[in-house]
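# Architecture at a glance
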Amino acid sequence: MTQYDYLVVGAGLFGATFAYEAAQRGKRVKVIEKRDHLAGNIYTKEEFGIQVHQYGAHIFHTSNKEVWNYVQKFAEFNRYTNSPVANYNGKMYNLPFNMNTFSEMWGVRTPQEAIDKINEQRQEMAGKEPQNLEEQAISLIGRDIYEKLIKGYTEKQWGRKATELPAFIIRRLPVRLTYDNNYFNDDYQGIPKGGYTQIVEKMLASDLIDVETGVDFFDQKDQYLQEFPKVVFTGMIDQFFNYELGELEYRSLKFETETLDEGNHQGNAVVNYTDAETPYTRIIEHKHFEFGKGDEIKTVITREYPADWQRGDEPYYPVNNDKNNQLYQQYQNYAAEQAKNVIFGGRLGQYKYYNMDQVIAAALETVQQEFN
Ligand code: FAD
Ligand code: UDP
C-alpha cells in the first residue's frame, strides 16, 4: 500500500483529472470507484451504435480556452450546439428565450415588437426588486413565458414553489433578441465523438494509476486514511464526516431509458416538458447528439424525473441556497482541522453546481496548489 502517493476516491471527471496530472508528475495513484464503471456522471455507453448518456444530457460548453484545449487531448469534439425545444401542452417553443420563442408566443416579428411586448408583460413588477424565482422570471421576461415555459418545469425540477426558490437559478438562462437557438453563450461547445467515457479512460490509462471499480470508500474508511499519505475525495463531504454537522441537501433524478423501434422519435436531442402535469422534465433522444448516427430503425430515449434526495439515493445536484452553503462552509472548516491529508474535490466534495469545464478547471487548480 505504501507505494502509492495518492488515493483518489471517485473516478469522475475531477478524480480522473487529478489522477492524470499526478501521474504526469511521476506520482503513483490508486483510484477507487463505488459504481461498476468509470467516468461518474459523464459516463456514456454505446447501444445500437448510439452513445447513451446514462446520467442525463451532457453538453460540453466553455469560454475557458485553456480547459477547451485541455479536453481536446482526450477526445475529438463534434460541432453539436444545444438547442432544446419546449413542449407546453403540445405546443412547441424554441429555447432559450429568443426571437423564435417570442414569435411563437406572441406573433411578434422584430426585436422592437418583442421588447414592447416584454415590457408590457413586465409591468406588474415595475419598481419592485425581485425576491424569488417567480418575481425574477416575471421581471426578466414577463408572465406569459413564466407561466408556460418556466413555472411548471422549475417547480418539477426543484420540488418547490417558484416563490420559494432563489432568483439566481433563472439568471443562468440567456434572453436574446436574435433568432439564435443556441442554449449557451460560451465560445466553445460540442460533444466528444464516441462519447465521454473515453476521456476518463484515457486520463486513467497511465501505468502509474491503478483503478478498482465496485469499491466503496466507506467500507474501509479508517484503513484507507491510515494507509495512504494523501486522499482526494470526490464523494459527499457531509457523508465523509458521517453527517456530524448535519445533512446537506441534494436533488436526485430518476432516469427511464427505452429503446424504440423507430429511427427518429422527437427530431431533437432535448425536448423539455414545461407543463406541471407531465411528471418528467425532459426527454433526451441520444442519437441526435451525434447527428442521428447509429441504428437507422432504432432510437434510445431517456425520460428524466426529478426526485427528492434521501440517504442512499444518487445526489446529482447540490442545492446551493444560503442555508446549505453555510453548512458546507462549516464542513470545510471542519475538514481543515480534522482531515488535513484529505483534499475534497468536485461537485460533491466541494458542494458546487459545477459544469464539466468548471470541474476540470477546479481540478487543475487543485493540482497547481498541490504540486507547485
Ligand atoms: P461525479 O461525476 O459525480 O464523480 C464522483 C464519483 O465519485 C462518482 O462516480 C461516484 O460514484 C464516486 N463516489 C462517490 N462516493 C464514493 C465512495 N464513497 N466510494 C467510491 N466512490 C465514490 N455539465 C456540463 O458541463 N454540461 C452538461 O450538459 C451537464 N449536464 C448535466 C446533467 C445532469 C443530469 C447532471 C447530474 C450533471 C450535469 N452536468 C453537466 C455536470 C457534470 O455531470 C459534472 O460537472 C461532473 O460530472 C462532475 O464530476 P465530479 O467528478 O465532480 O463528480
Ligand atoms: N428552466 C425553465 N424552463 C426550461 C429550462 C430551464 O424554467 O425549459 C429553468 C429551471 O428553473 C432550471 C433553470 O432554468 O433549473 C436552469 O436551467 P438549466 O437548463 O441551466 O438547468 P440544468 O442544466 O441545471 O439542468
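Up top is the structure.
Residues numbered from 1 in each chain as written. Chains lettered and ligands numbered in written order. Predicted model: local features only at pLDDT ≥ 70, side-chain atom pairs only at ≥ 80, totals over all residues. Heavy atoms only, no water.

### Here's the deal with helix α6 (residues 143-158)
Along its length, α6 reaches its greatest deviation from straightness, about 45°, at I150. Within α6, burial applies to I145, Y146, L149, I150, G152, Y153, T154, E155, K156, Q157 and W158. At the C-terminal side of α6, G159 shows a positive phi close to 65°. (Bend = angle between axes of the 7 residues up to and from the residue. Helix = DSSP H or I, 4+ residues; strand = E, 2+ residues; numbered from the N terminus. Buried < 20%, exposed > 50% of the residue type's maximum accessible area, 1.4 Å probe, protein only.)

### Some words on the packing of helix α3 (residues 99-106) against helix α4 (residues 111-122)
With their axes 10 Å apart at the nearest point, α3 and α4 run at an angle of 65° to one another. When the interaxial angle is binned, α3 and α4 end up roughly perpendicular. Here the hand of the crossing between α3 and α4 comes out left-handed. Listed contacts from α4 to M99, F102 and W106 of α3 are P111, A114, K117, I118 and Q121. Looking at the contact of α3 with α4 residue by residue, the classes come out as six nonpolar, one polar and one charged. (Axes fitted to C-alpha atoms, helices over the stretch in contact; angles between N-to-C directions. Parallel < 35°, antiparallel > 145°, perpendicular 65-115°, else oblique. Left-handed = near helix turned anticlockwise from the far one by under 90°. Contact = heavy atoms within 4.5 Å. Nonpolar A, V, L, I, M, F, W, Y, C, P; charged D, E, K, R; others polar.)

### Re the packing of aromatic side chains
Counted according to the given criterion, the structure contains 37 aromatic pairs. Ring geometry for F217 against F240: centres 5.8 Å apart, planes inclined by 15°, an arrangement best described as stacked. Taken together, the residues span a long stretch of sequence, with F217 in the loop between β9 (209-213) and α9 (221-227) and F240 in helix α10 (residues 237-240) at a distance of 23 residues. This pair shows no difference in class: F217 is buried, exactly as F240 is. An aromatic cluster is present here, built from Y4, F217, F218, Y224, F228, F233, F240, F241, Y331, Y334 and F344 joined pairwise through their rings. Note that R311 overlies the ring of Y243, its terminal NZ or CZ placed 3.8 Å from the centroid. Note that R347 overlies the ring of Y353, its terminal NZ or CZ placed 4.7 Å from the centroid. (Phe/Tyr/Trp six-rings, centres within 6.5 Å; stacked < 30°, edge-to-face > 60°. Lys NZ or Arg CZ within 6 Å of the ring centre and 35° of its normal.)

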